[in-house]
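Given next are the chains, with one letter for each unit.
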Amino acid sequence: MKIITIKDLCFGYENVSVLSHISLSVEHGDFVGIIGSNGAGKSTLLKLMLGLLKPDSGSIRLFDKEIAQFKEYYKIGYIPQNSSSLAAGFPATVEEIVKANLFAQIGFLRFPTKKHKVLVQQALETVGMQDYAKRMIGELSGGQQQRVMLARVLINHPQILLLDEPTTGVDFKASEALYALLEKLNLESHITVMMVTHDIERISRLAKRVICIDHNGVLEEKHDV
Ligand SMILES: Nc1ncnc2c1ncn2[C@@H]1O[C@H](COP(=O)(O)OP(=O)(O)OP(=O)(O)O)[C@@H](O)[C@H]1O
Ligand SMILES: [Mg+2]
């Protein structure tokens, strides 16, 4: 099944063209690395896929629906660029950060139940952060914060993860662990992964596909069958 289909997408900010004639598709179970130089438009592409920006021309389909008709955004887990450093300034515990993403289900006026607490605990266990539930997010290392960010999106059981440079500011060992975790989620839980990174060497080893974005469009550099 195709999860994302992009055809001939063009986009610019205030008439400064950033992406021109991008076409690509992502299948269920794919592990796709997106590479490209600073300013190439990688983050912009993710925002277009999330409906946060509107294309100038071309089309985007998500889960076999035109993006304008698509409403099931809980199926997409998005971790924006620098999200953990933003979260680190927040006076909140790990548990609260993860639970906050459940509000779509809980509703703002109802108190979280015991069931929700269990879901938070399970999500933290998946990323190996169950012992840190009561800690302040700002007290954790960069790698630990990224795991919490991952738990925060996993709590909604997404079918695809869109990750924008999740290993920036994370040391070698912790990013190895994060990559291993993403590989496990992809292979065992069949979660489709699309990840922007500058870590070309490691993503080339790990991802099934690596796509390079530049001003001329996309170039698929690796495609395992
Ligand atoms: N909100 C905005 N308004 C105007 N221009 C923007 C905006 N956001 C990004 N840009 C510009 O669009 C281009 C693409 O930015 P984008 O953030 O998508 O690049 P990127 O490939 O993610 O880069 P990096 O590797 O540095 O994260 C850049 O030239 C950037 O300056
Ligand atoms: Mg970016």
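Residues numbered from 1 in each chain as written. Chains lettered and ligands numbered in written order. Predicted model: local features only at pLDDT ≥ 70, side-chain atom pairs only at ≥ 80, totals over all residues. Heavy atoms only, no water.

Asks: Before we move on, could you go through the layout of surface pockets and cite the residues and values that matter?
Replies: Of the volumes computed, that of the largest pocket is approximately 280 Å³. Lining the largest pocket are 14 residues, and of these Ala87, Phe90, Ile97, Met149 and Arg152 lie nearest its centre. For the lining of the largest pocket, the secondary structure elements donating two or more residues are strand S6 (76-79), helix H2 (83-88), helix H3 (94-100) and helix H6 (142-154). In terms of residue class, the lining of the largest pocket is made up of eleven nonpolar, one polar and two charged. (1 Å grid on protein atoms, 1.4 Å probe; cavity = no way out; pocket = protein on both sides within 12 Å on 5 of 7 lines; lining within 4 Å. Points joined across faces, edges and corners; volume = space filled by probe spheres on them. Helix = DSSP H or I, 4+ residues; strand = E, 2+ residues; numbered from the N terminus. Nonpolar A, V, L, I, M, F, W, Y, C, P; charged D, E, K, R; others polar.)

Asks: An account of the sheet that holds S6 is requested, with residue identities and associated values reported.
Replies: An order of S6-S7-S8-S3-S9-S10 is seen for the six strands of this open sheet, with the pairing classed as mixed. The open sheet terminates on both sides in strands that have one partner only, identified here as S6 and strand S10 (217-223). With strand direction ignored, the average angle separating the axes of adjacent strands in the sheet is 15 degrees. Along the sheet, helix H1 (residues 42-49) makes contact with strand S3 (31-35), S6, strand S7 (160-164), strand S8 (192-196) and strand S9 (209-214), crossing S7 at roughly 150 degrees. The strands touched by H6 within the sheet are S6 and S7, with S6 carrying the most contacts at an inclination of about 155 degrees. (Pairing = 2+ DSSP bridges. Axes fitted to C-alpha atoms, helices over the stretch in contact; angles between N-to-C directions. Contact = heavy atoms within 4.5 Å.)

Asks: Can you lay out the site of ligand 1 for me, pointing to particular residues and giving the numbers?
Replies: Around ligand 1 lies a shell of 13 residues, among which Asn38, Gly39, Lys42, Ser43 and Thr44 are the nearest. With respect to ligand 1, the side chain of His198 contributes an N or O atom lying 2.9 Å from an oxygen atom. Protein chains shield 59% of the accessible area of ligand 1, which is 640 Å² for the free molecule. No other element matches H1, which puts three residues into the shell around ligand 1. A breakdown of the residues in the shell around ligand 1 according to their chemical character gives three nonpolar, eight polar and two charged. (Near = heavy atom within 4 Å. Polar contact = N/O pair within 3.5 Å; in protein donor to acceptor, adjacent residues only side chain to side chain. Areas by Shrake-Rupley, 256 points an atom, 1.4 Å probe, with all protein chains shown as cover.)

Asks: Would you mind going over the state of the cysteines in detail, with residue names and values included?
Replies: Under the defined criterion, the tally for this structure stands at zero disulfides. For the unlinked cysteine Cys10, the closest cysteine sulfur is that of Cys212, found at 18 Å. Given the relative accessible area of 18%, Cys212 is considered buried. (Disulfide = S-S within 2.5 Å. Buried < 20%, exposed > 50% of the residue type's maximum accessible area, 1.4 Å probe, protein only.)

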